[in-house]
Amino acid sequence: MLNKAMSLVVVLTALPARLVAMPAADVASRWPVAVNLLAGSLLGAWAGASWVVRMRSATLYKVLAVLMVFMAAALVLTHATTLGTLDLPLWAQVPAGVVAGLGIGVVAAIMGVAGGELLIPTIVLLFGESIKTAGSLSLLVSLPTMLVAFARYSRDGSFAVLGDNRCFALVLAAGSVAGAVLGGSLLGVFSDAVLIPALAVILLVSAAKLARHD
């Protein structure tokens with residue numbers, strides 16, 4: 001639950017910073033892409049959160065481990081290859097966007113992440129947008145998707161843990177905001193050849209630890 005709350009803080013911090021780099025009007029002109037993905041991701045987020053609150057902890061650890069490996073693979077694939085576009089006709093593109101959004105919403109709700117590493121390649125592949133545009137659109141999709149998941153979690157009192165760990169949550173939130181701002185200012189300073197493999201290794205090590213967790 002702390003991870004989910006921190007992900008929301010990061011998205012709320014990154015979104016205005018991203019809109020400074022890319023004019024809001026340019027992002028707004030691509031609103032059909034966001035709406036198409038949201039048609040699936042909002043439902044997926046509600047379903048994913050519903051599954052988590054009913055899932056045994058041991059099962060959740062295994063599911064998270066698998067998803068971390070999947071995220072590591074998506075991270076490496078997105079940054080190590082040049083993504084093209086599927087050039088689907090509109091009648092196929094729209095349902096494909098809904099299905100993709102559904103899956104991303106489920107993953108985002110279960111893992112408590114914004115899902116950008118899945119949204120960005122999806123937007124590039126399905127809709128032919130540039131990486132920069134896809135990054136901004138992914139935040140616009142992520143925010144309402146996360147809020148829907150939070151609404152579902154709140155029905156079961158899952159976020160009571162934030163009140164029980166208020167000081168820790170505030171420290172994490174402050175660090176998340178500082179990290180998001182610092183990350184934006186350091187964009188391009190460190191090579192993807194260093195950052196992406198390092199993050200992928202962290203995800204894989206975390207997955208291994210979760211898989212062994214009882």
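Here goes a summary of the coordinates provided. (Residues numbered from 1 in each chain as written. Predicted model: local features only at pLDDT ≥ 70, side-chain atom pairs only at ≥ 80, totals over all residues. Heavy atoms only, no water.)

A separate point is the packing of helix α3 (residues 31–54) against helix α7 (residues 131–154). Between α3 and α7, the shortest axis-to-axis distance is 8 Å and the interhelical angle comes to 30°. Taken as axis vectors, α3 and α7 run roughly parallel relative to one another. The interaxial crossing formed by α3 with α7 has right-handed handedness. For the contact of α3 with α7, the per-class residue count stands at 17 nonpolar, three polar and two charged. (Axes fitted to C-alpha atoms, helices over the stretch in contact; angles between N-to-C directions. Helix = DSSP H or I, 4+ residues; strand = E, 2+ residues; numbered from the N terminus. Parallel < 35°, antiparallel > 145°, perpendicular 65-115°, else oblique. Left-handed = near helix turned anticlockwise from the far one by under 90°. Nonpolar A, V, L, I, M, F, W, Y, C, P; charged D, E, K, R; others polar.)

Here valine 205 lies in helix α10 (residues 192–211). Looking at valine 205, the relative accessible area reads 46%, which means it is partly exposed. With 136 residues separating them in the primary sequence, valine 205 and valine 69 have C-alpha atoms 9.3 Å apart. (Buried < 20%, exposed > 50% of the residue type's maximum accessible area, 1.4 Å probe, protein only.)

It is worth spelling out the packing of aromatic side chains at this point. For the structure shown, the criterion picks out zero aromatic pairs. Across the ring face of tryptophan 46, the terminal group of arginine 152 is positioned such that the distance to the ring centre comes to 5.9 Å. (Phe/Tyr/Trp six-rings, centres within 6.5 Å; stacked < 30°, edge-to-face > 60°. Lys NZ or Arg CZ within 6 Å of the ring centre and 35° of its normal.)

This part is about the pattern of salt bridges. Throughout the structure, instances matching the rule amount to one salt bridge. Its salt-bridge partner being arginine 30, residue glutamate 129 comes within 3.3 Å of it at the nearest N-O pair. Taken together, the residues glutamate 129 in the loop between α6 (116–127) and α7 and arginine 30 in the loop between α2 (24–28) and α3 connect sequence positions 99 residues apart. (Salt bridge = Lys/Arg side-chain N within 4 Å of Asp/Glu carboxyl O.)

Our next topic: the packing of α3 against α6. When two helices pack together, their arrangement is given by the angle between the helix axes and by the axis-to-axis distance. Their axes nearest at 12 Å, the elements α3 and α6 cross at an angle of 115°. In this structure, α3 crosses over α6, and the sense of that crossing is right-handed. Contact residues: α3 offers Val33, Asn36 and Leu37, while α6 offers Leu119, Thr122, Ile123 and Phe127. Of the residues that constitute the contact of α3 with α6, the class distribution is five nonpolar, two polar and no charged. (Contact = heavy atoms within 4.5 Å.)

Glancing now at the side chain of serine 138. Relative to the elements of secondary structure, serine 138 occurs in helix α7. The class for serine 138 is buried, based on a relative accessible area of 4%. Once you skip the residues sitting within four places of it in the chain, serine 138 turns out to touch Gly116, Leu119, Ile120 and Ile123.

Glancing now at the nonpolar core. As a rule of thumb, soluble globular proteins bury nonpolar side chains together. Ranked by size, the top nonpolar core spans 45 residues in total, and within it Leu37 and Met111 carry the most contacts. Those elements that place two or more of their residues in this core are α1 (2–21), α3, α4 (57–80), α5 (90–111), α6, α7 and α10. At nine residues, the largest contribution of residues to this core is made by α7. Non-local contacts of methionine 111, meaning those with residues more than four positions away in its chain, are made with Asn3, Lys4, Leu64, Leu67, Met68 and Met71. (Core = buried A, V, L, I, M, F, W, Y, C linked by side-chain atoms within 4.5 Å.)

Across its twelve residues, α6 extends 15 Å between first and last C-alpha, which sits within 8% of the 16 Å expected from 1.5 Å per residue. Across the twelve residues of α6, ten count as buried, placing the element largely inside the fold. Looking only at α6, the buried set comprises Gly116, Leu118, Leu119, Ile120, Pro121, Thr122, Ile123, Val124, Leu126 and Phe127. Residue glycine 128 follows α6 closely and has a positive phi angle near 70°. (Expected span 1.5 Å × (residues − 1).)

Here we come to the environment of methionine 6. For methionine 6, the location among the structural elements is in helix α1. Note on methionine 6: relative accessible area 11%, which makes it buried. Measuring from C-alpha to C-alpha, the distance between methionine 6 and leucine 172 comes to 7.0 Å, with 166 residues separating the pair along the chain. Excluding residues within four positions of it along the chain, methionine 6 makes contact with Ala169, Leu172, Ala173 and Ser176.

So, on to α3. An ideal rise of 1.5 Å per residue puts 34 Å on 24 residues; α3 measures up with 34 Å between its terminal C-alpha atoms. Maximum bend of α3: about 35°, positioned at leucine 38. (Bend = angle between axes of the 7 residues up to and from the residue.)

Functional significance is not addressed by these values, which are geometric in nature.
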